[in-house]
Amino acid sequence: MTALGELIAPRRLGRDFRWLMSAAWTSNIGDGIALAASPLLIASMTSSPVLVASGAMLQFLPWLLFGLHAGAIADRVERRMLVMLAHGIRAVIVAALVVLLVTGTANIAIVLIVSFLYGTAEVFADTSTSTLLPMMVEPADLGVGNARLQAGFLVANQLAGPPLGAFLFAVGSFWPFLAQVLAVTVGLVLVSRIARQPVPPRADPTRVRHDIGQGLRWAWHTEPVRTLIVIILAFNVTWAAPWGVLVLYATEHLGMGPVGFGALTTASAVGGLLGTLSFGWLERHISFATIMKVCLTLEVLMHLAFALTTSGVVALVIMFGFGAYAFVWGTISTTVRQRLVPHELQGRVGSVNMVGVFGGMVIGHALGGLIAQAWGLTAPWWFAFAGSALTLLLMWRQISHIAAAKPALDDGAATR
């Protein structure tokens, strides 16, 4: 392996990790293209902040409806196959949208329905994918593994994808979604190269409802995991409120246009890439507790800065800083949770966490659309500033306990 290859995917992480990383990076290119193209498509059909925010909200709503079931199913079946099936369904859904756009029969209702269906398939894809890494690498390597996956997400989903999506949308509304179909399909093929993973052991046959309850009880009675999920839920409500109308904030309030909107997410990705690549150094030299507190403090300050600025250039600088800390936080929070959760519960507890993540986004997007419609496009940023500041004050002491938590010695007892 070359020196660059060893840096990107160290040999100790194994061959399957390299296939997983390649698949994640590839499919994220398609999702990054849609990250810019989808809101632009909706904004081309309506100027209503509520409908624009609904596009993102409907893509995340399936986490509230199906997230816990996806986690229980992921703990019952061969997880690699579930990822492949979900990718295939996603490709078919977007391909249908391409046909409707080419024939000129797509409308705002159809686009919103596609967002919901695509989000439903993504629930199963993301839940199952998150369980694969802990099965492939040692606990000590989870931080590095998550950092590499985050780096791919940043490069593909937010750095390369959005400007490409904005450019392709300017050429023709269906082109970005056709590119998304191709990327997701290639991701499916790469996942198929991963060796078959063992089905999590089960002592006795149980119903899905029982399995969901078991995961919920474990998460609730494990204080560090429970507190982490609460923090993530609250901060995603405040973050998503302005993010749901970001396309209108960028194009109307800042006057940046469609390409400028794509540049905002690109700036976030560049900052995030810097933060993610520095994660190994941060992990060796600074405690997780300190990093987590710094990241959440910066979140509060960034919301305030967005509320105050009227300059597109300043917004790009703020977004760069946002990406730098946000993806360090994402890597740390995922690593802490994965180290604490037994393998047989990774799907269920991971899904509880993701319900918190996307539940917060659904609530935040809904609030953001209503707040923006009532008080203007900067009002959601003020809401985000006040809400995140209050949450941080309430949770400041608990963060140190989360970062220092160790897995239970008796996993079996923990799951009963």
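Chains are numbered independently. Their residues run from 1 in the order of the written sequence. Local features in a predicted model are, by the rule used here, given only for residues with pLDDT of at least 70; side-chain atom pairs are given and counted only at 80 or more, and totals for whole chains, interfaces and linings are based on all residues. Computation of side-chain values: all heavy atoms of the structure, hydrogens and water removed.

*Asks:* Explanation requested: the overall build of the protein chain in the structure shown.
*Replies:* The helix count covers DSSP runs of H or I at least four residues long, the strand count covers runs of E at least two residues long, and both are numbered beginning at the N terminus. If you tally the helices and strands in the protein chain, you get 17 helices and 0 strands. A compact globule built from 416 residues would reach a C-alpha radius of gyration of about 22 Å, and the protein chain, at 20 Å, matches this within 12%. Seen along its three principal axes, the alpha-carbon backbone of the protein chain occupies a region of about 55 × 50 × 50 Å. Contacts are residue-level and defined by heavy atoms, with any inter-residue pair within 4.5 Å sufficient. Partitioning the contacts of the protein chain with sequence separation of at least 6, the portion at a separation of at least 24 is 87%. Residue-level accessible areas treat just the shown protein chains as cover; the underlying method is Shrake-Rupley with a 1.4 Å probe. As displayed, the protein chain has an accessible area near 17,100 Å², and 70% of this comes from carbon and sulfur atoms. The charge count treats Lys and Arg as positive and Asp and Glu as negative. His and the chain ends do not count. All charge positions are set by atom: Lys at NZ, Arg at CZ, Asp at CG, Glu at CD. In the protein chain, the 24 positive side-chain charges and the 18 negative ones have mean positions that sit 2 Å from each other. Each radius of gyration is computed over the set of C-alpha atoms, and the globule rule expresses the reference value as 2.2 Å times the number of residues to the power 0.38.

*Asks:* What exactly am I supposed to notice about the packing of aromatic side chains here?
*Replies:* Two measures describe an aromatic ring pair: the distance that separates the ring centres and the angle between the ring planes. Two rings from Phe, Tyr or Trp (for Trp, the six-membered ring) form a pair when their centres are within 6.5 Å of each other. A pair whose planes differ by under 30 degrees is stacked, one over 60 is edge-to-face, and the rest are tilted. Counted according to the given criterion, the structure contains 9 aromatic pairs. Each ring, one from Phe 306 and one from Trp 381, has its centre 4.4 Å from the other, and the planes form 25°; the classification is stacked. On the criterion of sequence distance, the pair formed by Phe 306 in helix α13 (residues 288–308) and Trp 381 in helix α16 (residues 379–404) is long-range, its members being 75 residues apart. Exposure remark for Phe 306: the relative accessible area of 1% places this residue in the buried category. Accessible area is worked out with a 1.4 Å probe on protein chains only. A residue is then buried under 20% of its type maximum, exposed over 50%, and partly exposed in between. The class of Trp 381 is buried, set by a relative accessible area of 1%. Cluster of aromatic residues (ring-pair linked, three or more members): Trp 239, Trp 243, Phe 322 and Tyr 325. In this arrangement the basic side chain of Arg 226 is found over the ring face of Trp 220, its NZ or CZ atom lying 5.0 Å from the centre. Geometrically, a lysine NZ or arginine CZ counts as sitting over a ring once it is within 6 Å of the ring centre and also within 35 degrees of the ring normal.

*Asks:* I'm lost on the packing of helix α2 (residues 15–45) against helix α7 (residues 175–191) in this one. Help?
*Replies:* The relative placement of two packed helices is expressed as an angle between their axes plus a distance between the axes. As a packed pair, α2 and α7 sit with axes 8 Å apart at the nearest point and diverge in direction by 165°. In terms of orientation, α2 lies roughly antiparallel with respect to α7. Seen from above, α2 lies across α7 with left-handed handedness. On the side of α2, the interface is formed by Trp 19, Ser 22, Ala 23, Thr 26, Ser 27, Gly 30, Asp 31, Ile 33, Ala 34, Ala 37, Ser 38 and Leu 41, while α7 contributes Pro 176, Phe 177, Ala 179, Gln 180, Ala 183, Val 186, Gly 187, Leu 190 and Val 191. Amino acids outside the nonpolar list (Ala, Val, Leu, Ile, Met, Phe, Trp, Tyr, Cys, Pro) and the charged list (Asp, Glu, Lys, Arg) are all regarded as polar, and Gly is one of them. Here the residues of the contact of α2 with α7 are counted per class, giving 13 nonpolar, 7 polar and 1 charged. Helix axes use the C-alpha atoms of the stretch in contact, all axes being lines fitted to C-alpha atoms, and the angles between their N-to-C directions lie in the range 0 to 180 degrees. For classification purposes, angles smaller than 35 degrees are called roughly parallel, those larger than 145 roughly antiparallel, those between 65 and 115 roughly perpendicular, and all remaining angles oblique. For a crossing to be left-handed, the near helix must be turned anticlockwise from the far one by less than a right angle; the clockwise case is right-handed.

*Asks:* Please explain a nonpolar patch on the surface as it appears in this structure.
*Replies:* Taken together, the side chains of Leu 164, Phe 167, Val 171, Trp 175, Leu 178 and Leu 182 make up a nonpolar region of the molecular surface, amounting to roughly 570 Å² of accessible area. Counting only elements with at least two residues in the nonpolar patch, the list comes to α6 (142–171) and α7. By relative accessible area, which is 52% here, Val 171 ends up exposed. A patch consists of residues whose relative accessible area exceeds 30% and which take part in no salt bridge; residues with like charges are grouped when within 9 Å of each other, and nonpolar side chains (Val, Leu, Ile, Met, Phe, Trp, Tyr) when within 5 Å. The term salt bridge refers to a side-chain nitrogen of Lys or Arg lying within 4 Å of a carboxyl oxygen of Asp or Glu.

*Asks:* Sorry, what's going on with the nonpolar core here?
*Replies:* Soluble globular proteins tend to pack their nonpolar side chains together in the buried interior. Put simply, a nonpolar core is a bunch of buried Ala, Val, Leu, Ile, Met, Phe, Trp, Tyr and Cys residues held in one set by side-chain atoms that sit within 4.5 Å of each other. By size, the foremost hydrophobic cluster in this structure holds 92 residues, and its most contacted members are Phe 177, Ile 231, Leu 246, Met 319, Trp 329 and Ile 332. No other element matches the 12 residues that helix α14 (residues 312–340) contributes to this core. Excluding anything up to four places from it in sequence, Ile 231 contacts Leu 296, Trp 329, Met 395, Ile 399 and Ile 402. If you look at the next biggest cluster of nonpolar residues, it comprises 18 residues, including Leu 13, Leu 20, Ala 24 and Val 137.

*Asks:* Which parts of the structure should I look at to understand the pattern of salt bridges?
*Replies:* Where charged atoms of side chains with opposite charge meet at close range, the side chains can pair. Throughout the structure, instances matching the rule amount to 10 salt bridges. For the salt bridge of Arg 348 with Asp 75, the shortest nitrogen-to-oxygen distance reads 2.7 Å. Here Arg 348 is found in helix α15 (residues 346–375), whereas its partner Asp 75 is found in the loop between α3 (49–74) and α4 (79–103), with 273 residues between them in sequence. The same class applies to Arg 348 as to Asp 75, namely buried. With its nearest N and O atoms 2.9 Å apart, the salt bridge here joins Arg 76 to Asp 211. With a gap of 135 residues between them, Arg 76 in the loop between α3 and α4 and Asp 211 in helix α8 (residues 208–221) connect regions that are remote in the sequence. Owing to a relative accessible area of 2%, Asp 211 belongs among the buried residues under this scheme.

*Asks:* So what exactly am I meant to see when it comes to the confidence of the model for the protein chain here?
*Replies:* Interpreting fine coordinate detail is not advised for predicted regions of low pLDDT. A residue's pLDDT is simply how confident the predictor is in it, with values from 0 to 100. Per-residue pLDDT for the protein chain has a mean of 85; in total, 94% of the residues score no lower than 70. Segment residues 409–416 is flagged for pLDDT under 50; beyond a separation of four residues in sequence, or across chains, it makes 10 contacts in the model.

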